[in-house]
Amino acid sequence: MVSMHFTKVTVKTSGEIVRYKDKLPAKAVLCGGITLSADTHNDAKALAIVAVSFNGGKDQAITSVLQVMTNPLAKTMPLMIVQPLDANTTVQGYVKDLGNAAYPYNVKIYYTLNY
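All values derive from a computational prediction rather than experimental measurement.

Focus on the nonpolar core
Here is step 1: Within the largest apolar cluster, 26 residues are counted, with the highest numbers of intra-cluster contacts made by Ile34, Val52, Phe54, Ile109 and Tyr111.
Here is step 2: In terms of residues, this core owes the most to one element, strand S8 (residues 105–114), which gives 5 residues.

This is the structure in structure tokens:
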């Protein structure tokens, strides 16, 4: 079975670094992709740097630049990964704003989870 889970992070000021930590569903065994989205209305190209680390931070972080896309299809294309998950694990990381947005805005980090 495959499902989506997300973490929501609010960025309030230019240059802000927001750390997050979230518990993933207990039965998830693999993360097969990450999709990033933001609800800003600014046309900035590079909005933020997003880092994601699985299994309580013991695995290498995945870092990506969150781009504002005008093409709706581009917003839904996940970063394909194969990340095994420990039972009852957490995901953590940060969102670093690049100073190009209208504030505040929310970043959603979607995880494609396999059970």
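Here the narrative resumes.
Description of the packing of aromatic side chains
Here is step 1: All chains considered together, the criterion is met by 3 aromatic pairs.
Here is step 2: Ring plane angle 45° and centroid distance 5.5 Å describe the contact between Phe6 and Tyr110, whose orientation is recorded as tilted. Placement of the pair is Phe6 in strand S1 (residues 2–11) and Tyr110 in strand S8, with a sequence separation of 104 residues.
Here is step 3: Look at Phe6 and you get partly exposed, because its relative accessible area is 38%.
Here is step 4: The exposure class of Tyr110 is partly exposed, given its relative accessible area of 24%.
Here is step 5: Aromatic side chains Phe54 and Tyr111 sit 6.1 Å apart centroid to centroid with 75° between the ring planes, which places their arrangement in the edge-to-face category. On the criterion of sequence distance, the pair formed by Phe54 in the loop between strand S4 (46–53) and strand S5 (62–67) and Tyr111 in strand S8 is long-range, its members being 57 residues apart.

Description of the pairing of strand S3 (residues 30–38)
Here is step 1: As paired elements, S3 and strand S6 (residues 79–84) share 4 bridges and run antiparallel to each other. Counterpart to Ile34 in the pairing with S6 is Leu79.
Here is step 2: As paired strands, S3 and S8 are joined by 8 bridges and run antiparallel to one another. By the bridge assignment for S8, Thr35 is matched with Tyr110.

Brief notes about the sheet that holds S5
Here is step 1: In space, the 4 strands of this open sheet follow the order S2-S7-S4-S5, with antiparallel pairing throughout. On the outer flanks of this sheet lie strand S2 (17–23) and S5, each paired with one strand and no other. Neighbouring strand axes in the sheet, compared pairwise and without regard to direction, differ in orientation by 20° on average.
Here is step 2: With 6 bridges connecting them, S4 and strand S7 (residues 90–97) associate as antiparallel partners. By the bridge assignment, Val52 is partnered in S7 with Gly93.

Here we look at unusual backbone geometry
Here is step 1: Residue Pro104 is reached from Tyr103 by a cis peptide bond, and omega for that bond is -10°.
Here is step 2: In the Ramachandran plot, Asn55 falls in the positive-phi region, its phi being about 55° despite a non-glycine side chain.
Here is step 3: Within the element layout of this structure, Asn55 appears in the loop between S4 and S5.
Here is step 4: In the Ramachandran plot, Asn88 falls in the positive-phi region, its phi being about 55° despite a non-glycine side chain.
Here is step 5: Topologically, Asn88 is positioned in the loop between S6 and S7.
Here is step 6: Classification of Asn88 by relative accessible area gives partly exposed; the value is 46%.

So, how was this worked out
Every chain is numbered independently, its residues counted from 1 as its sequence is written. Only residues with pLDDT of at least 70 are given local features in this predicted model, and only at 80 or more are side-chain atom pairs given and counted; all residues enter the totals for whole chains, interfaces and linings. Where side-chain values are given, they derive from all heavy atoms of the structure, hydrogens and water being excluded. As used in this record, nonpolar core signifies buried Ala, Val, Leu, Ile, Met, Phe, Trp, Tyr and Cys residues forming a set joined through side-chain atoms within 4.5 Å. To sort residues, take the accessible area from a 1.4 Å probe on protein chains only and compare it with the maximum for the residue type: under 20% means buried, over 50% means exposed, and anything in between is partly exposed. Under the scheme used here, helices are H or I runs from DSSP no shorter than 4 residues and strands are E runs no shorter than 2 residues, and both carry numbers assigned from the N terminus. A pair of aromatic rings is counted whenever rings of Phe, Tyr or Trp (Trp by its six-membered ring) have centres within 6.5 Å, and the orientation is called stacked for planes under 30 degrees apart, edge-to-face for over 60 and tilted otherwise. In this scheme, strands are said to pair when DSSP sees at least two bridges between them. Note on method: axes are straight lines fitted to C-alpha atoms, helices fitted across the in-contact stretch only, with angles between N-to-C directions ranging 0 to 180 degrees.

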